[in-house]
Amino acid sequence: SERRGLHRLIGPGGRVSVARGVLESCVAAVCSALGLVMAGTGDLSSLRLLRAARTLVDTKASFGTHQAVHMAIGLLYLGGGQLTLSSKPEAVAALVCAFFPRYPMHPGDNRYYLQALRHLYVLAVEPRRRHGPTV
């Protein structure tokens, strides 16, 4: 039978070839980066990658890993494709605070990072400029 998710990295005898926490952190960081770069585009190939990452992250994964993947999917469709992220210095500072790569173990985990700061990405949102054809 085909092994799915992070279980594919578990070798014979139950040994893990890569520490689970390291792998989850990498998945979270890559998903966040993809979401930030493709914010507001609604790109289907990016959505497919994020959905594949979501299936990689199984039920044993931490809350923070699930949070990172789902935040990235939310960024991908920011404002239904009408909004994007600004590159102004203030916006970049808000994004650094919002996407600080230390994710919680459970919803109430504020040990290393105050979870309310995750909502600061809203300060970096701006309308997407669309230019129609010149007639």
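Conventions we followed
Residue numbers restart at each chain and count upward from 1, following the sequence in its written direction. At least 70 in pLDDT is required for a residue's local features to be given in this predicted model, at least 80 for side-chain atom pairs to be given and counted, and no such filter applies to totals for whole chains, interfaces and linings, which use all residues. The side-chain figures draw on all heavy atoms in the structure; neither hydrogens nor water molecules are used. Elements are defined by DSSP. Helices are runs of H or I of four residues or more, strands are runs of E of two residues or more, and each kind is numbered from the N terminus. Any two residues whose heavy atoms approach within 4.5 Å at even a single point are treated as in contact. Residue-level accessible areas treat just the shown protein chains as cover; the underlying method is Shrake-Rupley with a 1.4 Å probe. In this description, a line fitted to the C-alpha atoms serves as the axis of each element, helices being fitted only across the stretch in contact, and the angle between N-to-C directions of two axes falls anywhere from 0 to 180 degrees. Just so you know how the angles are binned, under 35 degrees is roughly parallel, over 145 roughly antiparallel, 65 to 115 roughly perpendicular, and the rest oblique. It is the rotation of the near helix from the far one that decides the hand of a crossing: anticlockwise by less than a right angle makes it left-handed, clockwise makes it right-handed. Side-chain classes are defined by residue name, with Ala, Val, Leu, Ile, Met, Phe, Trp, Tyr, Cys and Pro counting as nonpolar, Asp, Glu, Lys and Arg as charged, and the others, Gly among them, as polar. Buried residues are those whose accessible area, probed at 1.4 Å on protein chains only, stays under 20% of the maximum for their type, while exposed residues exceed 50% and partly exposed ones sit between those limits. Read the arc as the range of directions from the helix axis to the C-beta atoms. Throughout this description, a polar contact denotes any pair of N or O atoms lying within 3.5 Å of each other; where both atoms belong to protein, one of them has to be capable of donating a hydrogen while the other can accept it, and for residues adjacent in sequence the pair is counted only when both atoms sit in side chains. Helices are assigned an expected span. That span is 1.5 Å times one less than the residue count.

Before going further, it helps to spend a moment on the overall build of the protein chain. Assigned secondary structure in the protein chain consists of 4 helices and 2 strands. In the protein chain, the order of α-helices and β-strands from amino to carboxyl end is α-α-α-β-α-β. At a minimum sequence separation of 6, the contacts of the protein chain that also span at least 24 residues come to 68%. Looking at the protein chain as shown, the accessible area adds up to about 8,700 Å², and 62% of this sits on carbon and sulfur atoms.

What follows concerns the packing of helix H1 (residues 20-37) against helix H2 (residues 44-56). Interaxial distance between H1 and H2 falls to 11 Å at its minimum, and their mutual angle equals 160°. When the interaxial angle is binned, H1 and H2 end up roughly antiparallel. Relative to H2, H1 is oriented so that their crossing is left-handed. From H1, Val27, Cys31 and Leu34 reach across to H2, where they touch Ser46, Leu49, Leu50 and Ala53. Looking at the contact of H1 with H2 residue by residue, the classes come out as 6 nonpolar, 1 polar and no charged.

Here Ala93 shows up in helix H4 (residues 89-98). Here the alpha-carbon distance between Ala93 and Leu120, two residues 27 residues apart in the chain, equals 9.3 Å.

Turning our eyes to something else, we now look at H4. Taken together, the buried positions of H4 are Ala91, Ala94, Leu95 and Ala98. One side of H4 holds all its buried residues, which, seen down the axis, span an arc of 100°. With respect to the buried face of H4, the exposed residues turned more than 90 degrees away are Pro89 and Val96.

Right, let's get into the side chain of Glu24. Mapped onto the elements, Glu24 comes out in helix H1. In this structure the side chain of Glu24 is engaged in a polar contact, spanning 3.2 Å, whose partner is the backbone nitrogen of Ser62. Within polar-contact distance, the side chain of Glu24 engages the side chain of Thr65 at 3.0 Å.

Let's shift gears to H1. Taking 1.5 Å of rise per residue, the 18 residues of H1 would be expected to cover 26 Å, and the 26 Å separating its terminal C-alpha atoms lies within 8% of that figure. Every buried residue of H1 is listed here: Glu24, Val27, Ala28, Cys31, Ser32 and Gly35. Buried residues of H1, seen end-on, are gathered within an arc of 130° and therefore sit on one face of the element. Of the residues in H1, the exposed ones pointing more than 90 degrees away from the buried face are Val30 and Val37. Along its buried surface, H1 packs onto H2 and helix H3 (63-76).

In contact at an axis separation of 10 Å, H2 and H3 are set at 165° when each is read in the N-to-C sense. As judged from the angle between their axes, H2 and H3 are roughly antiparallel. Relative to H3, the crossing made by H2 is left-handed. Side by side, H2 and H3 meet where Ser46, Leu47, Leu50 and Arg54 of the first sit next to Val69, His70, Ala72, Ile73 and Leu76 of the second.

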